[in-house]
Amino acid sequence: MASSSIQNMPHWPYDAFLSFRGADTRKSFISHLYAALNGKGIYVFKDDKELERGTSISPGLLNAIEDSRISIIVFSQNYASSTWCLDELVKIVQCKNKNDHQQMVFPIFYDVEPTMVRKQTGSFREAFSKHEEAFRENLEKVKNWRDALKEVANISGWELKEYRNESEFIWDIVKAISSKIPVKSETLKKLVGIDSRLEELRSLMDEGPNDDVRMIGICGMGGLGKTTLARVVYDLISHEFEGSSFLADVREKFENEGSVISFQRQLLYEILKLEKDSIWNVGDGINILGSRLQNKKVLLVIDDVVDIKQLEYLAGKREWFGSGSRIIVTSRDEHLLRTHGMDEVYKPNELNYHDALQLFNMKAFKIQKPLEEFVQLSERVLRYAGGLPLALEVLGSFLNGRSVDQWKSTLERLQIEPPNKIMSILQISFDGLQELEKKIFLDIACFFKWKTRDYVSKILEGCGFSPVIGIEVLIEKSLLTVHENNRLWMHDLIQEMGHQIVRRQSPDEPGKRSRLWKEADVHHVLSQNAVSE
């Protein structure tokens, strides 16, 4: 697959080009299809609105075909009788083959069967008898028309006779075309720092032969932008696949429903168009997924996975998917991803200073540069957020439109009470730990940040905490990292989350908390003899 960085994405002036025989369908089917596509925000070139008809195909029409991401060809009884339509068709096939299949072609068989188009029987045979007579001095042109018809008729499309009514027919076409139109790059450019992450992730996705099935994990702490990155990749490249599905918020929905059946149903509906009540238990879902997707090149994103079973039920084996498929999984747990056999695990970093400042300014001021009186205050917010996108967005939005005094008051309060919106996201990782792992985490957050791993392990071993495996689990859960000289480190906001958990044990009386790390609190407890049992 070609690289799809935001700057390098091909620009298409038109989303779709409509090729049709006007006398057959312009005032009926085409008008309804055009209205439905237009209603979905799909920019369609329809030649009778854009160009005047001439005796031969015009340069403007050729340019319109070249400038369209998708060509929709509506075959009807008299399509082949129009040399204009046949010239359009040849140009469409040339563009599809020339551009490494970046331009897509979808045939619609309105009142003809694919075999009639492919073998040129019925009205198509009659039309070509006349063409061969009229172009007996240029039979190569006629051959090109025939070849183009055969090639397009072999592409999977839609046949009217398979539908109960025309409205259902049009709705299915519009849904499919809409799914092939990626998010416009103008929208994506609003996402700060996304392009470098996107290119790094795509390089991992594109390693190895193109027909390999590759599973890629995206791992990191909460609020880092894993889901956003997966969503951007999905929106940019989903049109390159035969089917695609984005399964969002797996952890949260799994906790509420206790099952992945709803995700199996969503996956099968979005990729195979199977009705959502086609499965009633997880086993049936596994069997269908394992047998029905083997010949489809699919893009599947499974977001926020916390349990290996969730992956086993939704993407159990790479053999479930057709050649060239890509499976992307986001999780805070690196061990889970590697256990399931990810080909690569991408771990995005926090935003650098420039990108962090840009994101914060967009949220706090709606502009790229802060107002003069807020520059130093903004620097303090940036130091507090530590490049975490979630914190920058939450704090920037909260401070937007507030006075200098209110900014100063907010910064003072942050030292005492971090925003719940940030802490609740970060604490999800803590809540999923075993009890001994929670104790190890809180001890490191309160006492041992920047201490060596050996030193911390030796102390915690004396407490009976089994720190060798416990520290490794915290690293895998994206709560802890190991820096130079084997020193343990955690993001300032994760450390603050640990402090907050301990403070909540007894907000007003430090002596009743499990840990004391501030000199003032220690002095208070000892001088007031306020130590709890």
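Residues numbered from 1 in each chain as written. Predicted model: local features only at pLDDT ≥ 70, side-chain atom pairs only at ≥ 80, totals over all residues. Heavy atoms only, no water.

Asker: Teacher, can you tell me more about the overall build of the protein here?
Answerer: Each helix and strand counted, the protein has 26 helices and 12 strands in total. C-alpha atoms of the protein, sized along the principal axes, occupy 110 × 55 × 40 Å. The 533 residues of the protein split such that 51% are buried. In the protein, the proportion of contacts linking residues at least 24 apart, taken out of those at least 6 apart, comes to 74%. Counting only carbon and sulfur atoms, one obtains 47% of the accessible surface of the protein, whose full area is about 25,800 Å². Charge centroids of the protein, computed over 70 positive and 78 negative side chains, lie 2 Å from each other. (Helix = DSSP H or I, 4+ residues; strand = E, 2+ residues; numbered from the N terminus. Buried < 20%, exposed > 50% of the residue type's maximum accessible area, 1.4 Å probe, protein only. Contact = heavy atoms within 4.5 Å. Areas by Shrake-Rupley, 256 points an atom, 1.4 Å probe, with all protein chains shown as cover. Lys, Arg positive; Asp, Glu negative; His and termini not counted. Charge placed at Lys NZ, Arg CZ, Asp CG, Glu CD.)

Asker: Where do I start with the pattern of salt bridges in this structure?
Answerer: A side chain with one charge may pair with a side chain of the opposite charge, provided their charged atoms come close. For the structure shown, the criterion picks out 25 salt bridges. Linking glutamate 312 and lysine 309 is a salt bridge whose minimum nitrogen-to-oxygen distance equals 3.5 Å. Taken together, the positions of glutamate 312 and lysine 309, both in helix α15 (residues 308-314) and three residues apart, correspond to about one turn of that helix. Glutamate 334 is the salt-bridge partner of arginine 338, the closest N and O atoms lying 2.9 Å from each other. A residue pair is termed a helical-turn pair when its members lie 3 or 4 positions apart in one helix, as arginine 338 and glutamate 334 do in helix α16 (residues 334-339) at four residues. Classification of glutamate 334 by relative accessible area gives buried; the value is 13%. (Salt bridge = Lys/Arg side-chain N within 4 Å of Asp/Glu carboxyl O.)

Asker: Which parts of the structure should I look at to understand the sheet that holds strand β1 (residues 14-20)?
Answerer: Across a sheet, paired strands are connected by hydrogen bonds in the backbone, their directions being either parallel or antiparallel. Judged by pairing direction, the sheet is parallel, and its five strands sit side by side in the order β2-β1-β3-β4-β5 without closing on themselves. The sheet is open, and its two edges are formed by β2 (44-46) and β5 (158-159), each paired on a single side. Looking at chain direction, β1 and β2 are connected through three bridges and run parallel. By the bridge assignment, alanine 16 is partnered in β2 with valine 44. Along the sheet face, helix α1 (residues 22-39) touches β1, β2, β3 (68-75) and β4 (104-109) and points at about 160° away from the line of β1. (Pairing = 2+ DSSP bridges. Axes fitted to C-alpha atoms, helices over the stretch in contact; angles between N-to-C directions.)

Asker: Help me understand the packing of helix α22 (residues 435-448) against helix α25 (residues 492-503), please; the structure alone is not making it clear to me.
Answerer: Angle between the axes and distance between the axes: these two values describe a pair of packed helices. Their axes nearest at 9 Å, the elements α22 and α25 cross at an angle of 110°. Here α22 lies roughly perpendicular to α25, going by the angle between them. Each of Phe441, Leu442, Ala445 and Cys446 in α22 lies in contact with α25, whose residues at this interface are Ile494, Gln495, Met497, Gly498, His499, Ile501 and Val502. Taken together, the residues that form the contact of α22 with α25 break down as eight nonpolar, three polar and no charged. (Parallel < 35°, antiparallel > 145°, perpendicular 65-115°, else oblique. Nonpolar A, V, L, I, M, F, W, Y, C, P; charged D, E, K, R; others polar.)

Asker: What is the right way to read the packing of α22 against helix α24 (residues 467-476) from this model?
Answerer: One can describe the packing of α22 onto α24 by two numbers: an axis separation of 9 Å at closest approach and a directional angle of 75°. Between α22 and α24, the angle falls in the class roughly perpendicular. Contacts from Glu437, Ile440, Phe441 and Ile444 of α22 reach α24 at Pro467, Gly470, Ile471, Val473 and Leu474. Class assignment for the residues of the contact of α22 with α24 results in seven nonpolar, one polar and one charged.

Asker: Is there a simple way to explain the packing of aromatic side chains in this structure?
Answerer: Within a pair of aromatic rings, the relevant descriptors are the distance that separates the centres and the angle that separates the planes. Following the criterion strictly, the structure yields 20 aromatic pairs and no others. Their ring planes at 25° and their centres at 5.6 Å tell us that phenylalanine 75 and phenylalanine 109 sit as a pair that is stacked. Of this pair, phenylalanine 75 sits in strand β3 while phenylalanine 109 sits in strand β4, placing them 34 residues apart in sequence. Comparing phenylalanine 75 with phenylalanine 109, the two get one shared label, buried. Grouping aromatic residues by their ring pairs yields a cluster made of Tyr14, Phe17, Tyr43 and Phe45. (Phe/Tyr/Trp six-rings, centres within 6.5 Å; stacked < 30°, edge-to-face > 60°.)

Asker: Explain helix α20 (residues 404-414) here, please?
Answerer: One full turn of an α-helix is made of 3.6 residues, so residues set three or four places apart face in the same direction. When α20 is considered as a whole, its buried residues turn out to be Trp407, Thr410, Leu411 and Leu414. On an axial view of α20, the arc spanned by its buried residues comes to 100°, and they lie on one face. Among the exposed residues of α20, those pointing more than 90 degrees away from its buried face are Asp405 and Glu412. Buried residues along α20 sit against α17 (353-364), α18 (375-385) and α19 (389-399). (Arc of directions from axis to C-beta.)

Asker: Can you help me understand the pairing of β1 in this one?
Answerer: Regular strands show a simple pattern: their side chains alternate between the two faces of the sheet. β1 sits mainly inside the fold: seven of its seven residues count as buried. Where β1 meets β3, six bridges bridge the pair, whose relative direction is parallel. Paired with alanine 16 across the bridge in β3 is isoleucine 70. Handedness of the crossover joining β1 and β2 through α1 is recorded here as right-handed. (Right-handed = clockwise from strand over helix to strand, strands pointing away.)

Asker: Even after reading the chapter, I still don't get the nonpolar core, so can you show me in this structure?
Answerer: Here is a general trend for soluble globular proteins: nonpolar side chains tend to be buried in one another's company. Phe360, Trp407, Ile422, Leu426, Phe441, Ile444 and Met497 are the most contacted members of the largest nonpolar core, which has 53 residues in total. Broken down by element, this core gets its largest block of residues, seven residues, from α22. Excluding residues that lie within four positions of it along the chain, phenylalanine 441 makes contacts with Phe430, Leu433, Leu474, Leu479, Met490, Ile494, Met497 and Gly498. (Core = buried A, V, L, I, M, F, W, Y, C linked by side-chain atoms within 4.5 Å.)

Asker: Could you clarify how one ought to interpret the sheet that holds strand β9 (residues 326-331) in this entry?
Answerer: Strand order in the open sheet made by the five strands is β7-β8-β9-β6-β10, with parallel pairing throughout. The open sheet has two free edges, formed respectively by β7 (243-247) and β10 (344-346), since each of these has just one partner strand. The average undirected angle you get between the axes of adjacent strands in this sheet is 15°. Against the sheet, helix α10 (residues 194-205) touches β6 (214-219), β9 and β10, its axis set at about 150° to β6.

Asker: Even after reading the chapter, I still don't get unusual backbone geometry, so can you show me in this structure?
Answerer: What you tend to see is this: most non-glycine residues have negative phi, and most peptide bonds are trans. Although it is not a glycine, lysine 273 adopts a positive phi angle of roughly 60°. Unlike most non-glycine residues, serine 466 shows phi in positive territory, near 50°. The topology assignment puts serine 466 in the loop between α23 (453-462) and α24. You can call serine 466 partly exposed: its relative accessible area is 39%.

Asker: What am I meant to see in the pairing of β3 here?
Answerer: Across the eight residues of β3, eight count as buried, placing the element largely inside the fold. Here six bridges tie β3 to β4, and the two strands are oriented parallel to one another. From the neighbouring strand, phenylalanine 75 faces β4, where its bridge partner is phenylalanine 109.

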